[in-house]
Amino acid sequence: MSPRRRRAAEAAPLTRPGADRGFGGLRRRVRSARSGLRTRLVVAFLLVAALSCGTTAALTYRAARNAILEQTQDTAVSHFRDQIQGLDLQLPVDPNSFQLRLQQIARQGKPRPWRVYAEYGSMRLSSSTSPTSSVITSELRRAARGAPRGSFQRVVGGGHSYLTVAVPAVFAPAPGAEARPTGLVLYAVMELDAEDANIRAMVVAARDGALPALAVALIPALLAARSVLRPVRDLRRAAHHVGEGRLDTRIQVKGGDELADLARTFNASAAALEHSVAELRAAEARARQFASDVSHELRTPLAGMLAVTEVLDEDAAHLDPDTAAAVRLISAETGKLAVLVEDLMEISRFDARAAGLHTDEVDVAETIRRTLLSRHWTDPAQVVTELPTGIRARLDPRRFDVVVANLVGNALRHGRPPVTVRLTTEFRAADLSSWLVTEVADRGPGIAPDVLPHVFDRFYKADRARTRSAGSGLGLAITLENVRLHGGTVRAANGPSGGAVFTVEIPLTGGEDTA
Amino acid sequence: MPRVLLIEDDPSVREGVELGLRRRGHEVRGAATGEAGLALLGEFRPDLLLLDLMLPGMNGVQVCRRVREDSQLPIIMLTARGDDFDVVVGLEAGADDYIVKPARTEVIEARIRAVLRRIEEPGAGRPAVEFHGELAIDRTGLAVAKSGVRVALAPSELKLLLHLSAAPEQVFSRQQLLEHVWEHSYHGDARLVDACVRRLRNKIEDVPGTPRYIQTLRGFGYRFGPL
């Protein structure tokens, strides 16, 4: 007999470890992106603040510095020129009296006293001890010769800055004629220390103002980053919730910016998703309810029919052969229909999660022996048992009976006898759990690899051409559900020496307590 | 042959079951409603009541309670749904056993026989009336009295008490009790035992919550005493 209908599936653990990893990775990525976003926002804000502070300070500094310096140099230049014009000179000059004169001019320097130097040909005179000054540049000398009104230059030397002014002495001009230079050039050198100090004070003031301003700017920067990031965080959390299956998650939308638009789009998508999932679930529930209702409705007429099948069977002997055959067929099919409806009802209860576990502590070997005995599977040529005594477990005896009966029945139908029923216990060091292991093996051709994943599917047919077998087509599906209800697993495989092996593993220390 | 009253609203089920049981020699009367069935009780005097739980008007559980008020008539529920809730409610109401529809006549008849079967006669040398604490159990007369007052027990309750008290202090698993008292040869429903024990305790124990006569051994089953 070929195995035309085998159902099984690896009772694979239903949780996928990969799913969890995926979420964790997402969370990590989102977190790093969020802190990156915050840092970037704050840095950008501070850069803008620093740039505007710096620019303002720089422009103010430049304007103020120029104003200070210009005022000083204008006063100095015009005053020096006035002094020079008021200098009643007789050429050639007498060095001694001229030096006295220079000292006099130096004392009258404005806004501060200055040192005055005079150059005439090779003669060098000054108001101070040194006849020449190192800060008077040749550039200024050249400019002085070309500018009878005088010229000036700011020079930095020896850590100080100086204002140097050069005014050439001219012959008193005749009216309407151009003044002629006398060849005598007078220089004034004034230290700009006071102005430098003022300017330095300004720089310090700008710096002392800008740095606290930048620090204060950090607060609005953080606030702004927060206001941008809060919607992003809400969105992330909501997306995570939706991913976890909480489809009624919505985001509170505030304002009308791009982030609010995004939140609105998210809400609309979540609502649409929730709606379609609800529709799918409702459709699935309707389909299950329909199957459940159909089996309920079939039961009542079947109850009447099944009660009279005996009458048909008994009287068939006295009928003419055709009628007898018809009557026997109806009787036999009624019985099968009753089993099918019973199995459908059972599956419906599992689907509706209405199946309960009524556990009792039992001697498992004894329980299996009873199952075999009540089905008259007692011939050693049919069923061989390896049932060690003394294994007690908390089981639902009725459901465990269904599990064993379905597996042995399936093995007898599709495999070849003798069918071996082996009972063992297994201790798993990994999680310190003890398991009850029930193995049902046959000596048949085994299960084809492409069929193996489907043997526990409902109404699964390995061979589509053959439509019906002795079973309801639900036996192994019911077995799977019953084992799951016990917190266990069932798997189908091919044994090392051929033949199908079904292994049921049920935790020995689990289950619901009802006694 | 036993007289069976069948209360079932669906005509085809009623006719089918009647036909099947009559063929096996039972005298069967059918009623379509609970009210009609209760009316027939006095006149027909059945040995057993086959009762559908889903009935129009007065439902099966109510009929069951009504019958139990003044009668120890054996009751087997027919449940169309086999849902846990129905079974439990029916057993609490006082039914002795239940059959899930659809069922073959041979199954129905086997249950009827089991419920009606009298417990085995006491062995030789055993007194007809045993005393356990305040309980007096008359094995021949099939009667139980507590402190001299007769206790009305349903057939399953009586059989369970007789079985347990025949071997005081011996522990019986639920499965063993199902086999001996209910004659379920396959893995029966342990809730039958639990519900029957609960009903029995309500009738014979002083404090049903802390039982003296019918004691529970967690994980193993029940025993009678020790007192």
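Residues numbered from 1 in each chain as written. Chains lettered and ligands numbered in written order. Predicted model: local features only at pLDDT ≥ 70, side-chain atom pairs only at ≥ 80, totals over all residues. Heavy atoms only, no water.

### Brief notes about the overall build of chain A
Per the secondary structure count, chain A includes 9 helices and 12 strands. If you take every contact in chain A between residues at least 6 apart in sequence, the share linking residues at least 24 apart comes to 70%. As presented, chain A carries roughly 28100 Å² of accessible surface, and 57% of it is formed by carbon and sulfur atoms. (Helix = DSSP H or I, 4+ residues; strand = E, 2+ residues; numbered from the N terminus. Contact = heavy atoms within 4.5 Å. Areas by Shrake-Rupley, 256 points an atom, 1.4 Å probe, with all protein chains shown as cover.)

### A few points about the overall build of chain B
Looking only at helices and strands, chain B has 8 helices and 11 strands in total. Looking at chain B residue by residue over its 227 residues, the buried ones come to 56%. When contacts within chain B are restricted to residue pairs at least 6 apart in sequence, long-range pairs at least 24 apart make up 58% of them. (Buried < 20%, exposed > 50% of the residue type's maximum accessible area, 1.4 Å probe, protein only.)

### So, the UniProt feature "modified residue: 4-aspartylphosphate" (unreviewed entry) in chain B
Residue and element names in this part refer to chain B. Within this numbering scheme, the UniProt entry marks D52 as carrying the feature "modified residue: 4-aspartylphosphate" (unreviewed entry). One can find D52 in strand β3 (residues 48-52). Look at D52 and you get buried, because its relative accessible area is 2%. Ignoring sequence-local partners within four residues, the contact set of D52 consists of I7, E8, D9, G60, L78 and K101. (UniProt positions renumbered as here; feature names shortened; annotations may be inferred.)

### Quick look at the side chain of A:E346
Residues and elements named next belong to chain A. Take E346: it is sitting in helix α6 (residues 321-351). Side-chain polar atoms of E346 contact the side chain of R399, separated by 3.0 Å. The residues contacting E346, other than those within four sequence positions of it, are R398, R399 and I478. (Polar contact = N/O pair within 3.5 Å; in protein donor to acceptor, adjacent residues only side chain to side chain.)

### Side note on the interface of chain A and chain B
At the interface, 36 residues of chain A touch 31 residues of chain B. Contact between chain A and chain B buries roughly 2800 Å² in total, counting both sides, with carbon and sulfur atoms accounting for 51%. Area buried by chain A at its contact with chain B is led by A:R299, A:E310 and A:R370, which between them contribute 19% of it. Across the contact surface, chain A and chain B share 5 salt bridges. In this structure, B:R23 and A:E314 form a salt bridge, with 3.0 Å as the shortest nitrogen-oxygen distance. (Buried area = accessible area lost by both parts, 1.4 Å probe. Salt bridge = Lys/Arg side-chain N within 4 Å of Asp/Glu carboxyl O.)

### Examining unusual backbone geometry
With omega at -5 degrees, the peptide bond leading from A:P417 into A:P418 counts as cis. Within the secondary structure, A:P418 sits in the loop between α8 (397-414) and β9 (419-428). Residue B:G225 is joined to B:P226 through a cis peptide bond whose omega torsion reads -5 degrees. By the secondary structure assignment, B:P226 is in the segment after β11 (221-224). Of note, the phi angle at A:H376 is positive, near 60 degrees, even though the residue is not glycine. By the element assignment, A:H376 lies in the loop between α7 (364-374) and β7 (383-386). Here the phi dihedral of B:E183 falls at roughly 60 degrees; this positive angle occurs in a residue that is not glycine. Relative to the helices and strands, B:E183 is located in the loop between α7 (174-182) and α8 (190-204). Given a relative accessible area of 32%, B:E183 falls into the partly exposed group.

### What to know about the confidence of the model for chain B
Of the residues in chain B, 93% reach a pLDDT of 70 or more, and the chain-wide mean stands at 87. The complex prediction reports pTM at 0.62, with the ipTM value standing at 0.79. (pLDDT = per-residue confidence, 0-100.)

### A short note on the sheet that holds strand β4 (residues 75-79) of chain B
All names here are of chain B. The parallel open sheet is built from 5 strands, whose spatial order is β2-β1-β3-β4-β5. Edge strands, defined here as strands with exactly one partner in the open sheet, are β2 (27-31) and β5 (97-100). The mean inter-strand angle of the sheet, taken between neighbouring strand axes irrespective of direction, is 20 degrees. Of the strands in this sheet, β1 (3-7) and β2 are in contact with helix α2 (residues 34-44), which crosses β2 at around 145 degrees. (Pairing = 2+ DSSP bridges. Axes fitted to C-alpha atoms, helices over the stretch in contact; angles between N-to-C directions.)

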